[in-house]
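# A closer look at the structure
Residues per chain are reported as follows:
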Amino acid sequence: MNILAERIRASREKAGLSQADVAKSLRVSASAVNQWESGFSKNIKLEYFFALTNLLQQDPQWLATGTVFPQLHRMQAQMPPSDQAAVSLVGAEKALLHHFRLLPAKLRKRLLRFVKGLSDLSVSEGGNVRGAQ
């Protein structure tokens, strides 16, 4: 992948997001995302670029240039496998995080309390939430 547009498209597809999903998350138009991916827009505002790297869970250096700092590779190689797994989210986690980010702050707080309550309930019942199979 030699150009920014290709890296953006590939990263979006890998994340399982549509152009509309990205546009909604970043609060930009769908045509802006389309222009980024088709190479028509050479200048992405930094605020959108960094929000995009965060949403797509990509290293900003890699997304911008196609290369990564050698130090990053060494750090990742030295991570225990359990930590490496924690760094990369699975599809369901990515979808949950995507939709969570779309919520207003007040609803995020409520949802976190709800999920924590479910987690506490699950732990207190030995992992079996009532009604779950």
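Predicted, not measured: the structure shown is a model, and the values here were computed from it. (Residues numbered from 1 in each chain as written. Predicted model: local features only at pLDDT ≥ 70, side-chain atom pairs only at ≥ 80, totals over all residues. Heavy atoms only, no water.)

Right, let's talk about helix H4 (residues 46-56) for a bit. Listed in full, the buried residues belonging to H4 are Phe-49, Leu-52, Thr-53, Leu-55 and Leu-56. For H4, the arc enclosing every buried residue in end-on projection is 165 degrees, short of the 170-degree limit, so these residues lie on one face. Every exposed residue of H4 that faces more than 90 degrees away from the buried side is listed here: Leu-46 and Glu-47. Note on H4: the residue one or two positions beyond its end, Gln-57, has a positive phi of about 55 degrees. (Buried < 20%, exposed > 50% of the residue type's maximum accessible area, 1.4 Å probe, protein only. Helix = DSSP H or I, 4+ residues; strand = E, 2+ residues; numbered from the N terminus. Arc of directions from axis to C-beta.)

For Arg-27, which is not glycine, the phi dihedral falls at a positive 60 degrees. Within the secondary structure, Arg-27 sits in the loop between helix H2 (19-26) and helix H3 (30-38). The class for Arg-27 is exposed, based on a relative accessible area of 68%. Despite not being glycine, Gln-57 has its phi angle at roughly 55 degrees, a positive value. Here Gln-57 shows up in the loop between H4 and helix H5 (60-65). Gln-57 gets classed as partly exposed once you look at its relative accessible area, which sits at 33%.

Here the focus is empty space enclosed by the protein. This model, assessed by the stated rule, comprises 1 cavity of 30 Å³ or more. Each pocket or cavity is described by its volume, and for the largest cavity that value is around 50 Å³. What lines the largest cavity is Ala-15, Leu-17, Leu-55, Gln-57, Lys-94, Leu-97, His-98 and Arg-101. For the lining of the largest cavity, the element with the highest residue contribution is helix H8 (residues 91-102), accounting for 4 residues. Broken down by class, the residue content of the lining of the largest cavity amounts to 4 nonpolar, 2 polar and 2 charged. (1 Å grid on protein atoms, 1.4 Å probe; cavity = no way out; pocket = protein on both sides within 12 Å on 5 of 7 lines; lining within 4 Å. Points joined across faces, edges and corners; volume = space filled by probe spheres on them. Nonpolar A, V, L, I, M, F, W, Y, C, P; charged D, E, K, R; others polar.)

Position of Glu-37 among the secondary structure elements: in helix H3. Only 3.3 Å separates the side chain of Glu-37 from the side chain of Arg-9, close enough to count as a polar contact. (Polar contact = N/O pair within 3.5 Å; in protein donor to acceptor, adjacent residues only side chain to side chain.)

In this structure, Val-22, Val-28, Trp-36 and Leu-52 are the most contacted members of the largest nonpolar core, which totals 17 residues. Elements with a minimum of two residues in this core: H2, H3, H4 and H5. In terms of residue count, the dominant contributor to this core is H4 (4 residues). (Core = buried A, V, L, I, M, F, W, Y, C linked by side-chain atoms within 4.5 Å.)

Packing of H2 against H3 brings their axes to within 8 Å, and their N-to-C directions diverge by 115 degrees. In this structure, H2 meets H3 at a crossing whose hand is right-handed. Side by side, H2 and H3 meet where Gln-19, Val-22, Ala-23 and Leu-26 of the first sit next to Ala-30, Val-33, Asn-34, Trp-36 and Glu-37 of the second. (Axes fitted to C-alpha atoms, helices over the stretch in contact; angles between N-to-C directions. Left-handed = near helix turned anticlockwise from the far one by under 90°. Contact = heavy atoms within 4.5 Å.)

Right, let's talk about the pattern of salt bridges for a bit. Applying the stated criterion across every chain yields a total of 3 salt bridges. In this structure, Glu-13 and Arg-12 form a salt bridge, with 3.9 Å as the shortest nitrogen-oxygen distance. Put simply, Glu-37 and Arg-12 hold a salt bridge, and the shortest N to O gap is 2.4 Å. One end of the pair, Glu-37, is in helix H3; the other, Arg-12, is in helix H1 (residues 4-14), with 25 residues separating them in the sequence. Arg-12 shares its class with Glu-37; the two are buried. Three or more residues are tied together by salt bridges with common partners; here these are Arg-9, Arg-12, Glu-13 and Glu-37. (Salt bridge = Lys/Arg side-chain N within 4 Å of Asp/Glu carboxyl O.)

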